[in-house]
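# Overview (structure and organization)
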Amino acid sequence: MNGEQHSQPSVGRDTSAPVADEATRVKLFLGIQAFFLVVSIFTGGFHFKLWSMLDTALLIQSIGITGLVVVIEEAKWRRIAFKTAIVLYFLGLIDMGINVLISGVVGWRSLTG
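Each residue is numbered by its place in its chain's sequence as written, counting from 1. Reporting of local features is limited, given that this is a predicted model, to residues whose pLDDT is at least 70; pairs of side-chain atoms are given and counted only at 80 or more, and all residues count toward the totals for whole chains, interfaces and linings. Neither water nor hydrogens contribute to the side-chain values; these are computed over all heavy atoms in the structure.

Here a helix means four or more residues in a row that DSSP labels H or I, a strand means two or more in a row labelled E, and each is numbered from the N terminus. Each helix and strand in the protein was counted, giving 3 helices and 0 strands. Taking the intrachain contacts of the protein between residues at least 6 apart in sequence as the baseline, contacts between residues at least 24 apart amount to 62%. To measure how exposed things are, a 1.4 Å probe is used in the Shrake-Rupley method; for residues, cover is taken only from the protein chains shown. As displayed, the protein has an accessible area near 8600 Å², and 70% of this comes from carbon and sulfur atoms. The contact rule is simple, with two residues in contact once any of their heavy atoms fall within 4.5 Å.

Here it is as structure tokens:
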């Protein structure tokens, strides 16, 4: 009444913005995962040794679980799946870093020994 406007929530308000934002995050995360899956080839992935294949396996599992985020209907389970994929992704990156360190130490020893 005194000239101030109070914003009232509209009944027909567009609620697609959070869903679009979530879809954008999932697509971005899938892109990052695919990039590191390609990088894993150079850090020991796709060789037939259990330790060197662990990072590749973790990244593939992370991509698979992230793909489930798109089809799960309940928001609670989508968040759980997304967080699980993030944990697997970080474990894959940590393993990738360990592979680089091990191959660097082994390579250095073979050059000096």
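Turning to the side chain of R78, a few remarks are in order. Within the secondary structure, R78 sits in helix α3 (residues 75-112). Excluding residues within four positions of it along the chain, R78 makes contact with E22, V69, I72 and E73.

Further remarks concern the pattern of salt bridges. In what follows, salt bridge is the name for a side-chain nitrogen of Lys or Arg lying within 4 Å of a carboxyl oxygen of Asp or Glu. Counted under the stated rule, the structure contains 2 salt bridges. Between D21 and R25 there is a salt bridge, with the nearest N and O atoms lying 4.0 Å from each other. With D21 and R25 both in helix α1 (residues 16-40) and 4 residues apart, this pair spans about one turn of that helix. Overall, the relative accessible area of 45% leaves R25 in the partly exposed class. Linking R78 and E22 is a salt bridge whose minimum nitrogen-to-oxygen distance equals 2.7 Å. Here R78 is found in helix α3, whereas its partner E22 is found in helix α1, with 56 residues between them in sequence. Summary of the burial criterion: residues with accessible area below 20% of their type's maximum are buried, those above 50% are exposed, and those between are partly exposed, where the area comes from a 1.4 Å probe applied to protein chains only. Judged by relative accessible area, R78 falls into the buried class, the value being 18%.

Right, let's talk about the confidence of the model for the protein for a bit. Looking at the protein as a whole, the pLDDT averages 75, with 62% of positions reaching at least 70. Ranking the helices and strands of the protein by mean pLDDT puts helix α2 (residues 50-71) first, with 83, and α1 last, with 78. Each residue carries a pLDDT score, the predictor's own confidence in it, on a scale running from 0 to 100.

With that out of the way, let us pick up the nonpolar core. One recurring pattern in soluble globular proteins is that nonpolar side chains are buried together. Core analysis: the biggest nonpolar cluster contains 10 residues, these being V26, F29, L37, L59, V69, A81, F82, A85, Y89 and M96. Every element with two or more residues in this core is listed here: α1, α2 and α3. Top element by residues in this core is α3. It accounts for 5 residues. Nine residue types can take part in a nonpolar core, namely buried Ala, Val, Leu, Ile, Met, Phe, Trp, Tyr and Cys, and a core is a set of them joined through side-chain atoms within 4.5 Å.

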